[in-house]
Amino acid sequence: MKKLWNKVLVLAAVTAALLTVSAFAAQGETGTVNADALRLRSEPSTESSTITYLDTGAQVEVLEDLGEWYKVSCNGTVGYVYASYISFQSSDTATAAGFSMESVAGQVGLITGSVVNFRSEPEMEDVNVLTKVRAGDELTIINVSDEWCHATYQGQEGYVKADYISVNGIPLVDPRGIITGDCVNVRSISSTDGAIVAKVYAGDLVDLLNMENGWYAVSVNGQLGYIRSDFLRVYDGVSGSGLGADVVTTAKKYLGTRYVYGGASSKGFDCSGFTMYIYDQYGYNLPHSATSQWNSSTGTTVARADLQPGDLVFFCDPARSNGKACSHVGIYIGDGDFIHASSSRSGGVRINSLSESYYDGYYVGAKRIG
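The shown structure was predicted, so the numbers you read here are calculated from the model rather than taken from an experiment.

What counts and what doesn't
- Residues numbered from 1 in each chain as written.
- Predicted model: local features only at pLDDT ≥ 70, side-chain atom pairs only at ≥ 80, totals over all residues.
- Heavy atoms only, no water.
- pLDDT = per-residue confidence, 0-100.
- Helix = DSSP H or I, 4+ residues; strand = E, 2+ residues; numbered from the N terminus.
- Contact = heavy atoms within 4.5 Å.
- 1 Å grid on protein atoms, 1.4 Å probe; cavity = no way out; pocket = protein on both sides within 12 Å on 5 of 7 lines; lining within 4 Å.
- Points joined across faces, edges and corners; volume = space filled by probe spheres on them.
- Nonpolar A, V, L, I, M, F, W, Y, C, P; charged D, E, K, R; others polar.
- Core = buried A, V, L, I, M, F, W, Y, C linked by side-chain atoms within 4.5 Å.
- Buried < 20%, exposed > 50% of the residue type's maximum accessible area, 1.4 Å probe, protein only.
- Pairing = 2+ DSSP bridges.
- Axes fitted to C-alpha atoms, helices over the stretch in contact; angles between N-to-C directions.
- Salt bridge = Lys/Arg side-chain N within 4 Å of Asp/Glu carboxyl O.
- Polar contact = N/O pair within 3.5 Å; in protein donor to acceptor, adjacent residues only side chain to side chain.

1. Things to note about the confidence of the model for the protein chain
Item 1. Put simply, the protein chain has an average pLDDT of 83, and 86% of its residues get 70 or more.
Item 2. Across the protein chain, the element-wise mean pLDDT spans from 42 in helix 1 (residues 5-15) up to 97 in strand 26 (residues 312-315).
Item 3. The low-confidence segment residues 5-26, where pLDDT is below 50, has 65 contacts with residues more than four positions distant or belonging to other chains.
Item 4. Ignoring residues within four places in sequence, the model shows residues 90-101, a span with pLDDT below 50, making 47 contacts including any to other chains.

The structure is reproduced here in structure tokens:
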């Protein structure tokens, strides 16, 4: 069953409580590690060496905020960590007002399906069809239950599947958004003056709670905050880009994992082993070879101009391909960047830009899975 308003109702109830959220990482502020075995690096780059590993719950002092990275000190050791893995305690409270079943009553719903049946009863029977409504048509919501929206349309009372309705830009079913910006700040209030409560990245999924003044109220891993509407789009849950968003989120969990020739596990990857391992978690069986993945019947080719998060990107360096079609493969994550298992010299799983001369010059093409 698709996620209906019950999920959002829970999130809305959470917002009513006084929450402790992450806040802007000011110099000298203490943060807490929220990931297992977080690498403390010598430089703000996945190419740099690992100084040590920090355990979940370890306390760090933030010395400098560098956007995607923090310069920190932990027990006297100074280094750099990926910003999304550090949380901060603050007295600030995110007050994102979420929807509930009751709160949508009386509101205007917008039809999102191309042509949708408006029925006399909440049942999928042809005899129940009163009329047809089309994308952009408005109706007034009476209530929502059991995946049906009870509403009035042009003076008639009837039912429409909740899948095809949005309220104030947010779908009634599975209200999530896909981050489209590279590195996006989640703020405590709907203003750039608000404290930064979290950072999200291209392809990440967030729960949508509300929309006000050009800002979405969201929940990110249980943290509440606001994101400007031009940095995300509504996730439709069906398109390849929706799968791709999940794939990107999973792939990023393995940043820094070492490169192992022939590797296809969390202990170590080579390039095709990494893409094979990630997509295997979503039910896709890719072969263990960049060329074989390129030639595989799984997926469809896409133009470089049409790349979406989750697409596989392929390269061919003649000096390394041994005459084959491809020598390397990675996963596109958005904004011209891709994540891949590079080499032991380069730090294993890392993020690079397709515009870098090497990758731009040896780019072969891309495929979309799903």
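Additional details are given in the paragraphs that follow.
2. Focus on the layout of surface pockets
Item 1. A volume near 680 Å³ is recorded for the second largest pocket.
Item 2. Taken together, 29 residues make up the lining of the second largest pocket; nearest its centre are Tyr259, Cys271, Arg320, Ser327 and His328.
Item 3. For the lining of the second largest pocket, the elements supplying multiple residues, two or more each, are helix 3 (271-280), helix 4 (290-295), helix 5 (318-321), strand 29 (349-353) and helix 6 (357-361).
Item 4. In terms of residue class, the lining of the second largest pocket is made up of eight nonpolar, 13 polar and eight charged.

3. Side note on the nonpolar core
Item 1. Core analysis: the largest hydrophobic core is formed by 41 residues, its most contacted members being Leu54, Val81, Phe274, Leu312, Ile331 and Ile339.
Item 2. A total of five residues in this core trace back to one element, the largest contributor, which is helix 3.
Item 3. Val133, Leu139, Ala151 and Ala162 belong to the second-largest nonpolar core, a separate cluster that totals 17 residues.

4. Brief notes about the sheet that holds strand 26
By way of backbone hydrogen bonds, the strands of a sheet pair with one another, either parallel or antiparallel.
Item 1. Spatially, 25-30-26-27-28-29 is the arrangement adopted by the six strands of the open sheet, whose pairing is antiparallel. Looking at strand neighbours, the two that pair on one side only are strand 25 (300-302) and strand 29, the edges of this open sheet. For this sheet, the mean angle separating the axes of adjacent strands, direction not counted, is 35 degrees.
Item 2. The pairing of strand 26 with strand 30 (residues 363-368) spans four bridges and is classified as antiparallel. Note on strand 30: the bridge partner recorded for Val313 is Ala366.
Item 3. Helix 3 rests against strand 26, strand 27 (328-334), strand 28 (337-341) and strand 29 of the sheet, and its axis sits at about 50 degrees to strand 27.

5. With respect to the environment of Val247
Item 1. You can see Val247 is positioned in helix 2 (residues 240-252).
Item 2. For the pair Val247 and Tyr279, spaced 32 residues apart in sequence, the C-alpha separation works out to 7.1 Å.
Item 3. In contact with Val247, other than residues within four places in its own chain, are Ile278, Tyr279, Tyr282, Gly310 and Ile331.

6. Focus on the environment of Tyr82
Item 1. Mapping Tyr82 onto the fold places it in strand 6 (residues 77-82).
Item 2. As for Tyr82 and Pro44, which are separated by 38 residues in sequence, their C-alpha atoms are 7.9 Å apart.
Item 3. Dropping the residues within four chain positions of it, Tyr82 is found in contact with Glu68, Trp69, Tyr201, Leu255 and Ile351.

7. Observations regarding the pattern of salt bridges
Item 1. Taken as a whole and assessed by the stated rule, the structure comprises six salt bridges.
Item 2. Between Lys161 and Glu147 there is a salt bridge, with the nearest N and O atoms lying 3.6 Å from each other. You can see Lys161 sitting in strand 13 (residues 156-161) and its partner Glu147 sitting in the loop between strand 11 (138-145) and strand 12 (148-153), a full 14 residues away along the chain.
Item 3. The shortest N-O distance in the salt bridge between Asp230 and Arg228 comes to 2.6 Å.

8. Looking at unusual backbone geometry
Item 1. Phi at Asn75 takes a positive value of approximately 55 degrees, unusual for a residue other than glycine.
Item 2. Looking at Asn75, the relative accessible area reads 79%, which means it is exposed.

9. With respect to helix 3
Every α-helical turn comprises 3.6 residues, leaving residues that sit three or four positions apart pointing alike.
Item 1. Helix 3 sits mainly inside the fold: eight of its 10 residues count as buried.
Item 2. All buried positions along helix 3 are accounted for by Cys271, Ser272, Gly273, Phe274, Thr275, Met276, Ile278 and Tyr279.

10. Quick notes on the side chain of Asp270
Item 1. Position of Asp270 among the secondary structure elements: in the loop between strand 24 (268-269) and helix 3.
Item 2. There is a polar contact of 2.9 Å between the side chain of Asp270 and the backbone nitrogen of Gly262.
Item 3. At 2.9 Å, the side chain of Asp270 forms a polar contact with the side chain of His288.
Item 4. For Asp270, the contacting residues outside a window of four places in its chain are Tyr259, Val260, Tyr261, Gly262, Gly263, His288 and Ala341.

11. Quick notes on the side chain of Ser272
Item 1. Note on placement: Ser272 falls in helix 3.
Item 2. By relative accessible area, which is 4% here, Ser272 ends up buried.
Item 3. When sequence neighbours within four positions are dropped, the list of residues in contact with Ser272 reads His288, Ser289, Ala290, Gln293 and Val329.

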